[in-house]
Amino acid sequence: MEIPRDHLVDMYSTMVKIRYFEERIREIYFADKLPAFDIGAGEIPGEMHLAAGQEPVAVGTMPHLKPGDAITATHRPHHVAIAQGLDLKRMTAEIFGKDTGLGHGKGGHMHLFSTEPNFGCSGIIAEGMPVAVGAALAFKKLGKDNVAISFFGEGAANQGAFHESLNLASLWSLPVVFICEDNAYAISVPKEASTAIADNSDRASAYGMPGVLVPDNDPVAVYEVVREAIARARAGEGPSLIEVKTDRLWGHFEGDADAYRTDEFKESMTDRDSLVVYGDRLVEEGILTADDRETINEEMHGEVDEAIDFARNSPDPAPEDALLHVFA
Amino acid sequence: MTTMTERKLTTQKAISEAIAQEMDADDSVFVLGEDIGVYGGIFGATEGLLDQFGPERIMDTPISETGFIGAAIGAATNGLRPIAELMFVDFFGVCMDQIYNNMAKIHYFSGGNVKVPMVLMTAAGGGYSDAGQHSQTLWGTFAHLPGMKVVVPSNPYDAKGLMISAIRDDNPVLYIFHKGVLGLGWMTNNPRATGHVPEDPYTVPIGKAAIAREGTDVTVATISLSVHRALDAADELEKEGISIEVLDLRSLVPLDREAILDSVRKTHRLLVVDEDYQSFGMTGEVITTAVEGAFDYLDAPPARIAIPDVPIPYSRVLEQFVLPNADKIVAGVKSLLTA
C-alpha cells in the first residue's frame, strides 16, 4: 500500500525532533553533574532514560493514531510522548520539575501523564501493559472505535504482567496493540541471557493473536505493520503483538558506564543510525531535498529550544504543594 | 576503639565483602537478581562477585521478580541459602505475593518443620529526585507483615555484620540498604558512609539497637540514613547545650523495644524520625512501645517526623519538603523540650 508523502515526511520530522530533544536533555543533564557525576545534582536531577535510536518505533505508530487513542509507555518515554503529540513545553517543564509541568513537578520524566492526548508511562517494567488492556476494555464497553497501544521493552516480556495482559486482551478480543521495543538489553542483561526464545513475537501464538517481527529499525517497516494491527483492532478483530528490533544508542540511564556492550556493538548501532539512514533514503527517493532537511532541522530544533526555554523560565512549585493531589 | 590502622570501607563494599566471605565459607550460598553479574548490582552490592564465583553462583536473571524470588524460596527450602536482590524496594509490587504469602509464611504454616533461610536484599530511599517509584523506603510495610526479619543498616560496620548474620539466619531476612548510606561515587553521601570495617568475618546481632550517640535530654529513635540526619542535628543542638541520645534501631523486626524503653527512661522525651510514610508505620510503633512500657517516665507527648503521607514527589523542592532532615529534627527536639 502506498504511504502518503506527508506521513513519510512527518515521521522524519518527528524523528529529528525526538533526537534533538534527547540530545538537549542529555547535555543539560550532564552540564552540572560533571566531572564528579552526582545523580541528584543539577538542573535536571534523578535517573534519566533517553530514547535516542528508538525513534522509528514511535514515529511509525504515530500516523495511525486518532484522537482519544490511548498509549502506555515505559520508563524511557520521551520518543513516544513526542510522537503522540504531548504538549512539548509542559512535558519539558515536568522533566525540569517545574510548576508548569504536566504533573506540576510531582512525576518527573518517568511519570508523564496527559489526558489529551491520552498518554501515561511508568517506572516499573511491564506496568503499563494491563492498563492498556483496561483502556481497550473501556473503549469496547463505551462503543468507541479507539485503540490502546502498549509500548514495552523486550525485558518486560519476562514479567507476569506481559503474559496476563496478552491473555486477557485476546480472551476479551480487545482493541489493543502490544509493541515490544527490543533494544537487545535489559540494562546490562542481553536478551539471549534472559529470554528462552529468540523473538517475543512468537509468543503471540500462545495467546491466539497475530505476532509480527519487524527485523529492522525502520520507521516505514514499523508503519506498515502497525497500520495493519491498528486496523484490525479498530475493526473489532482483537489484539496483536509486534516486536521491533531497535537500538538504544546510549546507556540504560545517563551516567551508565555501558561497559556491558562492546565497542563493536556500539559502533554498529551508530553506523546504522535510523535517523541518518531514513533521512538519506528520503533524499535519494526524491521525497525530500537537502534544503528540505535543513528546514526541518531548523523548525524542529526551534520547537525543542523553545520548550526548553519555557521549562527553564518556569517557576518551581511551592514546597508545600507536595501535600496536594493525594486525593481527588 | 583500637588505635591500630583501621581499614575503611564504604557501606556498599562492606556488603559485597560480607557476601563474598559467606560464599567462600559456605557453598550453599548463592546470589540471584537483575544486573548483579557483569554490572555488579545497580548499587554495587555484588561488585566483583561474578569474577570471584562465576555465573553458577552469581546468577543474572530476567526481569521476573515473582519467578526468581519464588525460586529463591524453593531453593531455600531445599538445602541452599540464596540471596535474592530486588533492585529497588519500590518494585516489590510485582512480586509481593511470593514475599509475604510464601517466603514469610511457610515456616509458620509448616508448624516449624520447614525453614526458609534466605536473604532478600533491596535498595531504598530518596533524596536524589528519582520520583515516586524509585525513592520509597517501605520498611514499615514489610515489618507490618509477620514472618520475615527486617534489617536496615546505617553504616559500613553494621552493614557487614548484619549481612553475615542475615545469611546465617534460618529465617527469611529482608535486608534493606538505603542508597544514601552506601558511599556510592555517583550520589551525594553523608561522610559516615565510609568507616572502619574489620577484614575478618564478624556478626552484628539482628534485633539489637545501637546507641549512635549518648545523650540526656531527648531520645531520637530512628533508622538508616535518618541516623545521620539525627547525628547532624545532635551536633547543632550541642552548641546550644542540648544533649540528644540517638538510637539506631538497626532492625524493625525484631524491634529492640528494651533499648527504646531504656533510653526513654533516661531522657524522658522521645522523638521518632523515619523516612517512611508516617501513618501506620515505624513511628507509631516506636511511640506505642514507649507509651505502653514507660508512660510514667514521659515528660512530654512523644513526637515524630516522617513522610507526611504523600507519594515521594520528583521535583527537588517538593521532595526536600517531605523528607526528614537535620533542621526538622532540631526544631522537633526543641519543641519537645518546651512542651
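Here, the structure is the one placed above.
### A few points about the overall build of chain B
From N to C terminus, chain B includes 12 helices and 14 strands. Over its C-alpha atoms chain B spans a radius of gyration of 20 Å, differing by no more than 12% from the 20 Å that the globule rule assigns to 339 residues. Taken along the three principal axes of its C-alpha coordinates, chain B extends 60 × 45 × 40 Å. Residues counted as buried form 59% of the 339 residues belonging to chain B.

### Section: the overall build of chain A
Counting its secondary structure elements, chain A contains 10 helices and 9 strands. Taking 20 Å as the expected radius of gyration for a compact globule of 328 residues, we find that chain A reaches 19 Å, a close match to that expectation. Dimensions of chain A, computed from C-alpha atoms along their principal axes, come out at roughly 55 × 50 × 40 Å. Buried residues in chain A amount to 52% of all 328 residues. For chain A, the proportion of contacts with a sequence separation of at least 24, taken over those separated by at least 6, is 74%.

### Focus: the sheet that holds strand β5 (residues 176-182) of chain A
Residue and element names in this part refer to chain A. Ordered by their spatial adjacency, 7 strands build an open sheet running β2-β3-β1-β4-β5-β9-β8, and the pairing between neighbours is mixed. Single-partner strands in this sheet number two, and they are β2 (113-114) and β8 (211-214). On top of the sheet, helix α7 (residues 219-234) reaches β5, β8 and β9 (240-245); it is set at about 170° to β9, its chief contact.

### Regarding the environment of A:G107
Take A:G107: it is sitting in the loop between α4 (88-95) and β2. The class of A:G107 is buried, set by 26 C-beta atoms lying within 10 Å. Remark: the alpha-carbon pair of A:G107 and A:T61, spanning 46 residues in sequence, is separated by 25 Å. Every residue in contact with A:G107, bar those within four places of it in the chain, is listed here: A:E94, A:L112, A:F113, B:A131 and B:Y314.

### With respect to the interface of chain A and chain B
Opposite the 40 residues of chain A that make contact, chain B presents 33 residues. Residue classes in the side of chain A that touches chain B are distributed as 17 nonpolar, 17 polar and 6 charged.

### Details of the packing of helix α1 (residues 5-31) of chain A against helix α10 (residues 290-313) of chain A
Residues and elements named next belong to chain A. In the contact formed by α1 and α10, the axes pass within 9 Å of each other and the chain directions differ by 45°. Taken as axis vectors, α1 and α10 run oblique relative to one another. By crossing handedness, the relation of α1 to α10 is classed as right-handed. Across the interface between the two elements, Y12, S13, V16, K17, Y20, F21 and R24 of α1 pack against I296, N297, M300, H301, E303, V304 and I308 of α10.

### Remarks on the sheet that holds strand β12 (residues 251-253) of chain B
All names here are of chain B. In spatial order, the strands read β3-β2-β4-β5-β7-β6-β12; together these 7 strands make up an open sheet with mixed pairing. A strand with exactly one partner marks an edge of an open sheet, and here the two such strands are β3 (58-60) and β12. Put simply, the sheet's adjacent strands are angled 20° from each other on average, direction ignored. Relative to strand β5 (residues 119-124), strand β4 (residues 81-88) runs parallel, the two sharing 5 bridges. Paired with F88 across the strands is A123, a residue of β5. Running over the sheet, helix α3 (residues 65-76) touches β2 (29-33), β4 and β5 and is turned about 160° from β4.

### Some details on the packing of α4(A) against α10(A)
Residues and elements named next belong to chain A. Two elements in contact, α4 and α10, have axes whose closest approach is 8 Å; the angle formed by their N-to-C orientations is 50°. With respect to α10, the axis of α4 lies oblique. As α4 runs across α10, the sense of the crossing is right-handed. In contact with L88, K89, T92 and A93 of α4, α10 contributes E303, A307, I308, F310 and A311. Taken together, the residues of the contact of α4 with α10 break down into 6 nonpolar, 1 polar and 2 charged.

### What about the nonpolar core?
Ranked by size, the top nonpolar core spans 206 residues in total, and within it A:V176, A:V177, A:I242, B:V150, B:Y175 and B:V220 carry the most contacts. Residues in contact with A:V177, not counting those within four places in the same chain, are A:V147, A:I149, A:V226, A:A229, A:I230, A:A233, A:P239, A:S240 and A:I242.

### Some remarks on unusual backbone geometry
Generally, phi is negative for residues other than glycine and the peptide bonds are trans, each holding for most cases. Look at the link from A:E116 to A:P117: it is a cis peptide, with omega at -5°. The omega torsion across B:V253 and B:P254 is -5°, close enough to zero to call that bond cis. Position of B:P254 among the secondary structure elements: in the loop between β12 and α9 (257-267). In this structure, A:D258 takes a positive phi of about 55° despite not being glycine. Inspection of the secondary structure puts A:D258 in the loop between β9 and α8 (263-271). Of note, the phi angle at B:F280 is positive, near 65°, even though the residue is not glycine. Judged by local crowding, B:F280 falls into the partly exposed class, with 13 C-beta atoms found within 10 Å.

### Focus on the environment of A:Q159
Secondary-structure assignment places A:Q159 in the loop between β4 (148-153) and α6 (160-171). Judged by the 24 C-beta atoms lying within 10 Å of it, A:Q159 falls in the buried class. In sequence terms A:Q159 and A:E127 are 32 residues apart; their C-alpha atoms lie 9.3 Å from each other. Apart from the residues lying within four places of it in its own chain, the contact partners of A:Q159 are A:I125, A:A126, B:I63, B:S64 and B:V94.

Calculation notes
Per chain, residue numbering runs from 1 following the sequence as it is written. For this description, chains carry letters from A and ligands carry numbers from 1, given in the order in which they are written. The predicted nature of this model means local features are confined to residues of pLDDT at least 70 and side-chain atom pairs, given and counted, to a pLDDT of 80 or more, with totals for whole chains, interfaces and linings taken over all residues. Each helix is a run of DSSP H or I of at least 4 residues and each strand a run of E of at least 2, with the numbering of both proceeding from the N terminus. To get the radius of gyration, use the C-alpha atoms; to get the globule rule, take the number of residues to the power 0.38 and multiply by 2.2 Å. Neighbour counting defines burial: a residue surrounded by 20 or more other C-beta atoms within 10 Å of its own C-beta is buried, one with 12 or fewer is exposed, and intermediate counts give partly exposed, using backbone-placed C-beta atoms. Throughout, a pair of residues is in contact if the C-beta atoms placed from their backbones lie within 7 Å. Strand pairing is defined by DSSP finding a minimum of two bridges between the two strands. A fitted line through C-alpha atoms serves as each axis, taken over the contacting stretch for helices, and the angle formed by two N-to-C directions is quoted from 0 to 180°. Throughout, the ten residues Ala, Val, Leu, Ile, Met, Phe, Trp, Tyr, Cys and Pro are labelled nonpolar, Asp, Glu, Lys and Arg are labelled charged, and all others, Gly among them, are labelled polar. Throughout this description, any angle smaller than 35 degrees is read as roughly parallel, any larger than 145 degrees as roughly antiparallel, any in the 65 to 115 degree range as roughly perpendicular, and the remainder as oblique. Each crossing is labelled by how the near helix is turned from the far one, with a counterclockwise turn of less than a right angle marking it left-handed and a clockwise turn marking it right-handed. Core membership is restricted to buried Ala, Val, Leu, Ile, Met, Phe, Trp, Tyr and Cys residues, and these are joined into a nonpolar core through C-beta atoms within 7 Å.

Just distances and angles here, no functional claims.
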